[in-house]
Every structure is written in C-alpha cells, then in structure tokens.
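For reference, the chains in residue letters:
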Amino acid sequence: MTTLAHWIGGAPADVASERHTEVTESATGAVVARVPMATPEVVDRAVAAARGAAEEWGQASIAARTKVMFAFRELVHASREELAALIVREHGKVFDDAMGEVQRGLEVAEFACGIGELLKGGMSAQISRGVDSYSLPQPVGVAAGITPFNFPVMVPMWMFPVALACGNAFVLKPSEQDPSASLKLAELLAEAGLPDGAFNVVHGDREAVDALLTHEGIDSVSFVGSTPIARHIYETATAHGKRVQALGGAKNHAVVLPDADLDVAADALVSAGYGSAGQRCMAVSVAVAVGDIADALVAKVRERMAALTVGDGADAGSDMGPLVSARHLDKVRGLVDAGVGQGAELVVDGRTLDPPGDGHFLGPCLFDRVEPGMSIYDEEVFGPVLCVVRRATYPEALALVNADPRGNGAAVFTNDGGAARLFEQRVTAGMVGINVPIPVPMAYHSFGGWKASLFGDLHVHGRHGVRFYTRDKVVTRRWIDPAERRGVDLGFPTSD
Ligand code: NAD
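Residues numbered from 1 in each chain as written. Predicted model: local features only at pLDDT ≥ 70, side-chain atom pairs only at ≥ 80, totals over all residues.

Examining the overall build of the chain
The criterion, for reference: Working definition: helices are DSSP H or I runs of at least four residues, strands are E runs of at least two. Numbering for both runs from the N terminus. Here the globule rule reads 2.2 Å times residues to the power 0.38, and the radius of gyration is calculated from C-alpha atoms. Once C-beta atoms are placed from the backbone, each residue is buried if 20 or more other C-beta atoms lie within 10 Å of its own, exposed if 12 or fewer, and partly exposed for counts between those two. Placing C-beta atoms from the backbone, we regard two residues as in contact once those atoms come within 7 Å.
Each helix and strand in the chain was counted, giving 16 helices and 23 strands. Its C-alpha atoms give the chain a radius of gyration of 25 Å, within 12% of the compact-globule value 23 Å for 496 residues. A principal-axis box enclosing the C-alpha atoms of the chain has dimensions of 85 × 60 × 40 Å. Counting all 496 residues of the chain, 52% fall into the buried class. Across the chain, every contact between residues at least 6 apart in sequence was considered, and the portion connecting residues at least 24 apart equals 72%.

Here it is as structure tokens:
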C-alpha cells in the first residue's frame, strides 16, 4: 500500500508524523493508499512555495505561459487512460465515464491555451487631448482550489489551467477520498515546464481547508462541493478578505411535458439519473411528470433500468459502478429507507441488488409519487436514486422547480418551442437543458448554478474564470508634448 505525499515546490513533500486517512478501491472496499492530512504548518509551506513562484510566473510572457499550457494539454491527452484508471479505482465510476471526465477537464486546458485573446485589456485612445486610458488584467496572486470527490480530474481542471494561464500560482486541496489523480496532474504540469512552486497539492480535511481560508498568503478561493461546506467556505474566506467562488450542491429537476417524446425523455432520465451512480452535481434526481404521462413514463424508465449492469467500473460490461465509500453508501441507503417510510412508492428497489463484490454497491432505485417534505426529495441524495413527482399542469411543475432552494441545473423535455422558451426564461437555475438532460457548459462558457448552488458572483472557467483569476488595473497615460504644456491647474481633471 502506498502512502501519498503532498506536492510542494515542484516535488513530492513527505512530512513525518501526520494524521492519515485511508483511500479505498470503491469496487472492492480494499484500502489502496494512505493519504496524509496537512497541518497548518504544511499548508504554510505550500503557500510559501506558491508565493515564491507567483511574482516571476505572473511576470512571465503570455507566450511562455501558453507554451506550458500547450505542453500540459498534450501530456494529459497522452496520459488520459492512466488518469481514467485512477478515477475508476478510487471513485468507482465506469471507465468510459472516467474518460469523458478527463476529456471535459482537458477542454478547459485547451481554452486556457488561448488566454492571450482573453487577456486583452480595453483601450480608449484620446480620452482627452493627448491622453489615453487602458485596462491591464493582472493576476490576483496565489489562488486556492478545494475540490470534491466526484470529479477528481475535471473539477480541479475547471480551475487551475485558467488560474495558471492568467499568471497566478495555485494551491490545490483535492478530496481526500480520491486524491491520486491530483498528484499525477502535478507531475504533468512539472513535466510541461511549469516553474517549481507555481502548482502545489496539499491533502487534508477541515484543518487544512481552514488554514487555507484564513491564510494571509492566499488571495482567492475556488470551492466545489456540498452546500453547507460551500457556505462555510464563502463566509470564512470572504471574512478574511479573499475573492471567493463557492459552488454547492444540487437537486436537478427534469420536467417532462405531455407532448414530449417519452422514449427520448426516458433514455435521458436513465442516463442522467444513474450515470456515475448519481454522483454528479448535474445528475437528474427529480423527474416531474406533467399531465397524464406519469404511468407511461415510469414504465419506460423502469424497462430501461432492467437492462443496466452494475459492476466494477473497470469491467467493460458495467454500466454503473459502486458508490465512493461505505459511509456514502450508508447515507444513500438510509435516505432510500426513509423514502419508503415516508410514503413514497419504491418502484425499483436497488437495495435488493446481489452485490457484484465487496465494494460499495447499490442498485438503481426509482421512486414514484414523491412529494416535497419527504427527505428523499428535500435532501441531496447523490446516489443512484431517481424520484418522480407528478404534477397536473406546467405552471405547477415550474413552481415546484423554482421553489427548490438549490438551482444548479434544470431541464425540460418538450417539442413545443414556446413551452421551452418559457422554461428557459423563467426557471431559477444557472444551467438549463432543453431536451438535454445534463447541460454542462463547454469550457468557453462558464459553469455555475444559482441560489444555494453558488456563493459568490462568478462562475468557473470561460470568461467568468478569466475575470475571477485577474484583477483590472486602469492606466491613464499622457506623453507630454512641450507645445501643449498647460501649466498649473488645481481644478478636478475632466476631458474638456
Ligand atoms: P464535500 O462538501 O463533502 O467536500 C468538498 C471538499 O471540501 C473536499 O475537499 C473536502 O475535503 C472539503 N471538506 C469537507 N468537509 C469540510 C469541512 N467541514 N470544512 C472544510 N472543508 C471540508 O463534498 P463531496 O462529498 O466531496 O462532493 C459531493 C458534493 O459536491 C455534492 O454536494 C455535489 O453536488 C457537490 N458538487 C457540486 C458541483 C457544482 O458544480 N455545483 C460539482 C461537483 C460536486
């Protein structure tokens, strides 16, 4: 069994006598690694390394920075199968899904390769006679990223390629549940030519996170994870003067209108409900059946669920893998038990699955006749559980979606353009799908939810990412023409 190291100053940093936690292989439950939990002193070392690199890296030419990013892109591409295998082992998702995750992360690195276009400041010539004004987007300094277990490659890559390309140094605190991929990414950045110290990884839990949030050497904090922790991150880090974007949990609804193609909708609900065993912040966890289609929709979803194979993510025949940990499995099973106890109709009971190994397996579950007030509806389940809520009319369905405190993604299934347009205009969610169940924006758009799914103003990657990792400086410049010398004038400067 390996003991992982932090990555500080361009190399693994072994630190003696720390607390450790265990990383398990999700499909077998076997312990595969020990991961150290950083103390505030270790965080200090990582931040010092980042600060030491930030000045020089921030002054490096755009060409020098994009050269590193292009090389990194090639290296990640060449290592995509190795990265996907690490994800499969520690997270549990199936290999194709893990390859898709790496691909979506890679797209942000590709976006960052074009940073020169995005860092053009605005210029206004002749704001007054002989005077020009222009803005300089400059790096913020040292950025921290704190990431969840469910996308151990993609979510860190939502952040650091843009941060680094903008000229910042970065300290990543990945999930302690599947930390190995972040170390591989650190190695690839070093191989790509990133200066030592510009990218660091500290493993840990709340102690390490709080040390980052309050550290005077950290300028910005990007967080992705559950809503209660996102709120804590936002409140603590802003109170310590940091720029913060904290993305939280989700409860994504898909509204299926009576005119929708029910086969298309059922395919989408099964794909988005059970892909990655429901452990996606963009998973569909609630299907709202409108009008009289509910019986037919439930039957079609059920039919498709019967064809799903649950197994080790490394087996090519598996459609759905295990949950990330025994603790998470207990939580999800507990919510399914509560759903039954609170009167929802469990149409497909994944608890009866004969587990294909000693890992953290739960079969796909389908609830019908779910209502707000039941914990299976109110809480984020983050497992292979799809809830069907029945509503008589479209306005009632839309009101249900908008009453949810979270607003990450929402989708509508319909062939009626007017109904789809009304949804896109009125729904209170940050990412909307029209006959698309998982509307994850491309790297050149920005990813983020509304309401309790995002604390802060700016979403991740795309133009928002560039704005988050830069701060503008506006220069007003005059080159003196001796013929135009005006002498002393104590009045306030205007352009007249
Ligand atoms: P989590 O909130 O438990 O952990 C996220 C990160 O915070 C981890 O690095 C963890 O070590 C750290 N952390 C945990 N407890 C902490 C504490 N008390 N104080 C400080 N830091 C703490 O989330 P998770 O279980 O790893 O991931 C699943 C959650 O992430 C789900 O809620 C999911 O919806 C959400 N998520 C959201 C998005 C999004 O874009 N909005 C994307 C992916 C995942």
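Let us keep going from here.
Some remarks on the pairing of strand β16 (residues 365-368)
Condition: Pairing between strands is defined by DSSP: at least two bridges between the two strands are required.
Of the two faces of β16, the one lined by Cys365 and Phe367 and the one lined by Leu366 and Asp368 are each fully buried. Across 3 bridges, the pairing between strand β15 (residues 345-348) and β16 is antiparallel. Paired with Val348 across the two strands is Leu366, which belongs to β16. The pairing of β16 with strand β17 (residues 385-391) spans 3 bridges and is parallel. Within β17, the position partnered with Phe367 by the bridge is Cys387.

Remarks on the nonpolar core
What counts here: Nonpolar cores are built from buried Ala, Val, Leu, Ile, Met, Phe, Trp, Tyr and Cys residues. These are joined into a set through C-beta atoms within 7 Å.
Formed by 91 residues in total, the largest nonpolar core has its most connected members in Ala50, Phe170, Val171, Leu212 and Ile233. Ranked by residue count, the leading element in this core is helix α6 (residues 154-165), at 10 residues. Core analysis: the next-biggest nonpolar cluster, separate from the first, contains 68 residues, Val381, Val389, Leu398 and Phe423 among them.

Comments concerning the environment of Gly248
Within the element layout of this structure, Gly248 appears in the loop between β12 (243-247) and β13 (252-256). Judged by C-beta crowding, with 26 C-beta atoms within 10 Å, Gly248 ranks as buried. Placed 175 residues apart in sequence, Gly248 and Phe423 show a C-alpha to C-alpha distance of 23 Å.

Thoughts on the sheet that holds strand β7 (residues 131-139)
The pairing of strands in a sheet comes from backbone hydrogen bonds and takes either a parallel or an antiparallel form. Condition: A fitted line through C-alpha atoms serves as each axis, taken over the contacting stretch for helices, and the angle formed by two N-to-C directions is quoted from 0 to 180°.
With antiparallel pairing, 3 strands are arranged side by side in an open sheet as β6-β7-β23. A single partner strand is all that each edge strand has here, and the edge strands are β6 (123-128) and β23 (470-478). On average, adjacent strands in this sheet sit at an angle of 30° to one another, irrespective of strand direction. Pairing of β7 with β23, which is carried by 9 bridges, proceeds in the antiparallel orientation. Looking across to β23, one finds that Asp132 is bridged to Arg477.

Digging into the environment of His91
Its place among the elements puts His91 in the loop between α3 (80-90) and α4 (95-113). The sequence separation of His91 and Asn150 amounts to 59 residues, and the corresponding C-alpha distance is 6.9 Å. Beyond its immediate stretch of four places on either side in the chain, His91 contacts Ser26, Phe149, Pro152, Asp178 and Val324.

Section: the packing of helix α2 (residues 62-78) against helix α7 (residues 180-191)
The test is simple: Oblique is the label for any angle not covered by the other classes, which are roughly parallel (under 35 degrees), roughly antiparallel (over 145) and roughly perpendicular (65 to 115). Each helix crossing is assigned a hand: it is left-handed if the near helix lies turned anticlockwise from the far helix by less than a right angle, otherwise right-handed if that turn is clockwise. Side-chain classes follow a simple rule in which Ala, Val, Leu, Ile, Met, Phe, Trp, Tyr, Cys and Pro form the nonpolar group, Asp, Glu, Lys and Arg form the charged group, and the remainder, Gly included, forms the polar group.
The contact between α2 and α7 brings their axes to 8 Å, and the two run at 135°. In terms of their interaxial angle, α2 and α7 are classed as oblique. At the point where α2 passes α7, the crossing takes the right-handed sense. Mapping the contact onto sequence places Phe72, Leu75 and Val76 in α2 and Leu188, Leu189 and Glu191 in α7. Classifying every residue of the contact of α2 with α7 by side-chain character gives 5 nonpolar, no polar and 1 charged.

Brief notes about the site of the ligand
Rule in force here: Only the C-beta atom matters for this test: placed from the backbone, it must lie within 6 Å of a molecule or strand for the residue to be near it. Throughout the structure description, domain borders are defined by an automatic or database domain assignment.
The local shell around the ligand holds 28 residues, among which Pro148, Gly225, Ser226, Gly249 and Cys281 are the closest. Mapped onto the shell around the ligand, the elements with two or more residues apiece are α8 (206-213) and α9 (227-239). Two domains each donate at least three residues to the shell around the ligand, and these are domain 1 (2-248 + 453-475) and domain 2 (252-434).

Brief notes about the domain arrangement of the chain
Note: interface size is frequently given as the accessible area lost on complex formation between the parts. Looking at the assigned domains, one finds that the chain contains domain 1 (2-248 + 453-475) and domain 2 (252-434). With 18 residues of domain 1 at the contact, the number on the domain 2 side is 26 residues. Split into classes, the residues belonging to the side of domain 1 that touches domain 2 amount to 6 nonpolar, 10 polar and 2 charged.

Looking at the sheet that holds strand β4 (residues 19-24)
Pairing in this open sheet of 3 strands is mixed, and the strands run β1-β5-β4 from one edge to the other. Only two strands of the sheet have a single neighbouring strand rather than two, namely β1 (2-3) and β4. Strand direction decides the pairing type here: β1 and strand β5 (residues 31-37), joined by 2 bridges, are parallel. Looking across to β5, one finds that Thr3 is bridged to Arg34.

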